[in-house]
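Residue-level listing of the chains:
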Amino acid sequence: MEFKRKNKTQLLSKIATNDRHGENSPYFDGWKAYDNNSFHPTQNPNGVIQMGLAENKLCFDLIKKWIMENPEASICTAGGVDKFKDVAIFQDYHGLKEFREAIAKFMGRVGGNKVIFDANRIVMSSGATGANEKIMFCLADPGDTFLVPSPYYPGFARDLRWRTGLEIVPVDCKSSNNFRITRAAMEDAYEKAQKWNLNVKGIIIANPSNPLGTTLDIATMRSLVAFVNEKNIHLVCDEIYAATVFDSPRFVSVAEVIQDMDCCNRDLIHIVYSLSKDMGIPGFRVGIVYSFNDDVMLCARKMSSFGLVSSQTQYLLASMLSDDGFVGNFLRESSKRLAKRHYVFTKGLEQVGISCLTSNAGLFFWMDMRPLLKEQSFEGEIELWRVILNEVKLNVSPGSSFQCFEPGWFRVCFANMDDETVEVALNRIRAFVLDRENQESNRSKLCWRKKHLRLSSSSTRLYDETIMSPCMISPHSPLVRAKT
Amino acid sequence: MRLIVPLQSVVQGRGGLIFGSLIPCALFYFLQLYLKRHRSPKPQSNPPSPTTSSPKLAEMTRTSSRSNLFSRSIEQVRISSRAISIAKPNESPYYIGLDKASEDPYDRLSNPDGVIQLGLSENRLCFDLIEKWMSENLGHSITGRDNGELNINGIATYQPFDGTMELKLAMAGFMSHIMGGAVTFEPSQMVLTAGATPAIETLCFCLADQGNAFLVPTPYYPGFDRDVKFRTGVELIPVHCRSTDNFALSITALDQAFNQTRKHGTKIRGILLSNPANPVGNLLSREMLYAILDFAREKNIHVISDEIFAGSMYGNEEFVSMAEVLDSEDFDKNRVHIVYGLSKDLSLPGFRVGVIYSFNENVLAAARKLTRFSSVSAPTQRLLVSMLSDARFIEEYIKTNKRRLQNMHALFVAGLKGLNIRCADSSAGLYCWADMSKLISSYSEKGELELWDKLLNVGKINVTPGSACHCIEPGWFRCCFTTLAEEDIPVVLERIRKAVENTTDLLNSS
């Protein structure tokens, strides 16, 4: 009665057996390498340092302090236990009113108090992952397409496409203008999709951007809004890094932009938010869908049942986020600490000649490793990445996994470690860069020597040959002849 | 359609150019106007059908609004076809009743004229025990056992999306205990989800493609229509059970439904069972479980067994889990998947804890990846590990819960009997399945909905009509009694009496 393996897989759905979850990509090799050999300052100092996970651990002390000082907010304490019954039984998909109000207030605050968010439009989901997938279920049918400016978060490939059956067409952004989203690039992507007979339903952007760490300027936002209105397609703004802005320009939510645009059809505008990055609490699984479209809001709310936020968590956060003093202090401290960490890393890299895209937000920076590529191609990028992962033991993320148009860029996360680990990571990168540059300069010296037919001592030659990659030596080289 | 107007004769005449252009333009314009006014709306791609049989009137209104939409389609923004139907106000009495009861909830002291909620299967009978545990174990519940020190890493950071191993271990122990120790559950075969709702949906995504179907015995839990159909594109095919055999499932009926569906070209991927059954409350016998497994193997399909009420037993019958049957016999385990959750047995629906338990490695591998979309909150996991690991508490809870359930069930059913309303035989659940067919004006769905409406708006009690559960016989209602205190029962009975006081059968009962 046992099934053969083939039979077993046939019993499963296409979704369960296809690759659209994206976890078989080389990008996840880095995670596996980290899982198998995790860095620890004392127990495993030569392990892999995780710089591929955008987690914000910089302000845990503030959250911990608040929880300990506010026992009544937790239903598991003497102060709060009388609320336990009501909270434990509460499963209404509207969500606790206090929770929605607190979230709306927090979102307004994060946006610089330029806009008031309506608590009745706050819809829950299980993290931003659940929120992004849900908004797609609401806006598009299987086979439809969304445009996404590249480079983009690799998880979009799974969240937007896997169960929804949608397709993604990237809007290519280039380093020549700091990866800005241009009207021309959007039109280009739209036309490409049309040519392929794809039904474009909308465009989804991340602002602040993952992996770039930049915020969109108002002109670009207005251009986006104008574009979607013209094409009568949706605009989804993933604003989950909104409170990680640590430098000017300030974060501007799409909600603020459309306030001044009378020509905008608000039914096209939708926001995805979460507390996972801004507050560093991904374990709480708080995702928010905020749509200006009533039908979408109603549909998303009914779909909340597939990913409601635990009422215990709602209750705790309702209390925490209503504490104005705490929130103000938290946002200020968080910005300060992110700015400092960002500075330490980017300055440290500058010292060894590595530049990063100028950024003002996010839990990562976008590192330019093009000078270190042996070959200006994606193969060259993956080769460099494997060296960084396996030899330098840093899990950074190669730009190709973000569908970056150009090779040589890497995303490096910096907010998930303590200061000591930062030092270790920086030292490793510095040592690697210098070593690589040495290799390169030795290689070019050797090529120069080869060019001028200079013969050096056999031991030096051997040394030079071993560090050169084989393809560099021409079979007709006098060196080879000399060797034999 | 375009009328090709022969222009030659017009053009050749005097003022030909003017007429040659004006007349066809005018004709074309009037033709477009005519067509616009009389054109029927284009058929849209099939949205999922509403959860219940809605009155014809609502359908007519819907059609005419669709044609208005079409004529303005150039400006109208397009959302997904599923969103169009889901966004509409819920016409199912199941949801309408729930909304009405939550807007005006009954409270013995503060709102004695409010709507009594008998439509939501929630268990409030043992909260005192849980509260007591909370107050005695505060140190452990959120901070973990590190000497009261809050381990923020354990609750704030990313945890495995399919649940922590500690919670899986604790759940495995709890589930085993709940089912009388007859079966051991392996934590490694468990995937935790944010409630049983996403557990069902996730399994559907794993086991079926869009357009496929699951067989489901009726009457069934109205929420299945949402869980299975909202987003997966999978259909539910009812397998009707009847009161003559106490709504027991028969293999013949399964077989007929299977063949009928296949004839229409739809592929059946599995059977969706709830055991203990919701809304009837009866159990599947061991023999029936064997028969279902044989049927599934013969047709090469899956079995999903939703056992969420396994710990809500009040009868004397023994509950037998699918897992127990599989353990004892040589059945192919790869096609069996069990769903469980803490919403019913432990009264914690707000916390959102569900379980997919499968013997199929491929399903587990896929489900683990899918839990990214619906994971359990980390602080909640921490709290529950403490609670479920307290064996003494769990033992006391299970015993007391059963006793109180038995008591409420007996009182409630006896009370209904006093009104000449009999209930189906049941052994578990938080509800009873009441036969009010003698109280309906016409033996039809219409009659049933009229009674439901009277009970809700005149009697101010919310019960779930059988039609919302796809019951083939009109007049049956699901009444949940676990949100009541003993003192509320006479109030409920009085309200039923008042709502139907013109019905002769009721008056003849006493």
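Bear in mind that the values here come from a model prediction, so they are computed numbers and not experimental data.

Trainee: Talk me through the sheet that holds strand E9 (residues 355-356) of chain A; I want residue IDs and the actual numbers.
Mentor: Residues and elements named next belong to chain A. Spatial ordering of the open sheet is given by E9-E10-E13-E12, a layout of four strands whose pairing is antiparallel. The open sheet has two free edges, formed respectively by E9 and strand E12 (397-398), since each of these has just one partner strand. Where E9 and strand E10 (residues 364-368) come together, two bridges link them in antiparallel fashion. Residue pairing in the sheet places serine 355 in a bridge with aspartate 368 of E10. In the packing of helix H14 (residues 324-350) onto the sheet, contacts are made with E9 and E10, and the angle to E10 comes to roughly 10°. Along the sheet, helix H15 (residues 378-390) makes contact with E12 and strand E13 (409-413), crossing E13 at roughly 30°.

Trainee: Quick one: what's the story with the interface of chain A and chain B, residue by residue and with numbers?
Mentor: The interface of chain A with chain B comprises 83 residues on the first partner and 82 residues on the second. Across the chain A to chain B interface the summed buried area is about 7300 Å²; carbon plus sulfur atoms make up 60%. If you look at where chain A meets chain B, you find three salt bridges. The residue lysine 14 of chain A makes a salt bridge to aspartate 209 of chain B at a minimum N-O spacing of 3.9 Å. Connecting chain A to chain B are 27 residue pairs in polar contact (both at pLDDT 80 or more). The element that contributes the greatest number of residues to the side of chain A that touches chain B is helix H7 (residues 127-139) of chain A, accounting for seven residues. Residues belonging to the side of chain A that touches chain B are distributed by class as follows: 40 nonpolar, 21 polar and 22 charged.

Trainee: Break down the side chain of arginine 352 of chain B for me, with residues and values.
Mentor: Along the polypeptide, arginine 352 of chain B turns up in the loop between strand E7 (336-341) and strand E8 (354-358). It is aspartate 227 of chain B that comes nearest to the buried, bridge-free arginine 352 of chain B among opposite-charge side chains, at 8.1 Å. Within the local environment of arginine 352 of chain B, its side chain forms a polar contact with the backbone oxygen of proline 349 of chain B, the two atoms lying 2.8 Å apart. The contact partners of arginine 352 of chain B, leaving out residues within four places of it in the chain, are Gln91, Ser305, Leu308, Val309 and Ser310 of chain A together with Thr193, Ala194, Gly195, Thr197, Ser343 and Val376 of chain B.

Trainee: Got a sec to walk through helix H16 (residues 378-389) of chain B? Specific residues and values, please.
Mentor: Residues and elements named next belong to chain B. A rise of 1.5 Å per residue sets the reference length of H16, with its 12 residues, at 16 Å; its end C-alpha atoms lie 17 Å apart and thus fit the reference within 8%. Counting buried positions along H16 yields 11 of 12 residues, so the element is predominantly enclosed. Three or more residues of H16 are buried, namely Ala378, Pro379, Thr380, Gln381, Arg382, Leu383, Leu384, Val385, Ser386, Met387 and Leu388.

Trainee: How would you explain the confidence of the model for chain B if you had to name every residue and give the values?
Mentor: Residues and elements named next belong to chain B. With 82% of its residues at a pLDDT of 70 or more, chain B has an overall mean of 85. Contacts of residues 1-7 to residues separated by more than four positions or lying in other chains number seven contacts, the stretch itself having pLDDT below 50. Across the interface, the model reports ipTM at 0.86; the global pTM reads 0.86.

Conventions and cut-offs
- For every chain, the first residue of its written sequence is number 1, and the numbers climb from 1 along that sequence.
- Starting at A for chains and at 1 for ligands, labels are handed out in the order in which the entities are written.
- With the structure being a predicted model, the display of local features is reserved for residues of pLDDT at least 70 and the display and counting of side-chain atom pairs for 80 or more, all residues being used for whole-chain, interface and lining totals.
- In computing side-chain values, all of the structure's heavy atoms are included and hydrogens and water are not.
- Two strands are said to pair when DSSP picks up at least two bridges between them.
- Segments assigned H or I by DSSP are reported as helices when at least four residues long, segments assigned E as strands when at least two residues long, and all are numbered from the N terminus.
- We call two residues in contact when some of their heavy atoms are within 4.5 Å.
- Angular values range over 0 to 180 degrees, each being the angle between N-to-C directions of two axes fitted as lines to C-alpha atoms, with helices fitted over their stretch in contact.
- Once two parts are joined, some of their accessible surface, as seen by a 1.4 Å probe, is lost; buried area is that loss totalled over both.
- The working definition used for a salt bridge is a side-chain nitrogen of Lys or Arg within 4 Å of a carboxyl oxygen of Asp or Glu.
- N or O atoms closer than or at 3.5 Å make up a polar contact, with two conditions inside protein: a donor-capable atom paired with an acceptor-capable one, and, for residues adjacent in sequence, both atoms drawn from side chains.
- By the convention adopted, Pro, Cys, Tyr, Trp, Phe, Met, Ile, Leu, Val and Ala count as nonpolar, Lys, Arg, Asp and Glu as charged, and the other residues, Gly among them, as polar.
- Only protein chains enter the accessibility calculation, which uses a 1.4 Å probe. A residue is then buried if its area is under 20% of the maximum for its type, exposed if over 50%, and partly exposed in between.
- A residue counts as positive if it is Lys or Arg and as negative if it is Asp or Glu; His and the chain ends are not included.
- A helix is expected to reach a length of 1.5 Å times the quantity of its residues less one.
- Each residue carries a pLDDT score, the predictor's confidence in it, ranging from 0 to 100.

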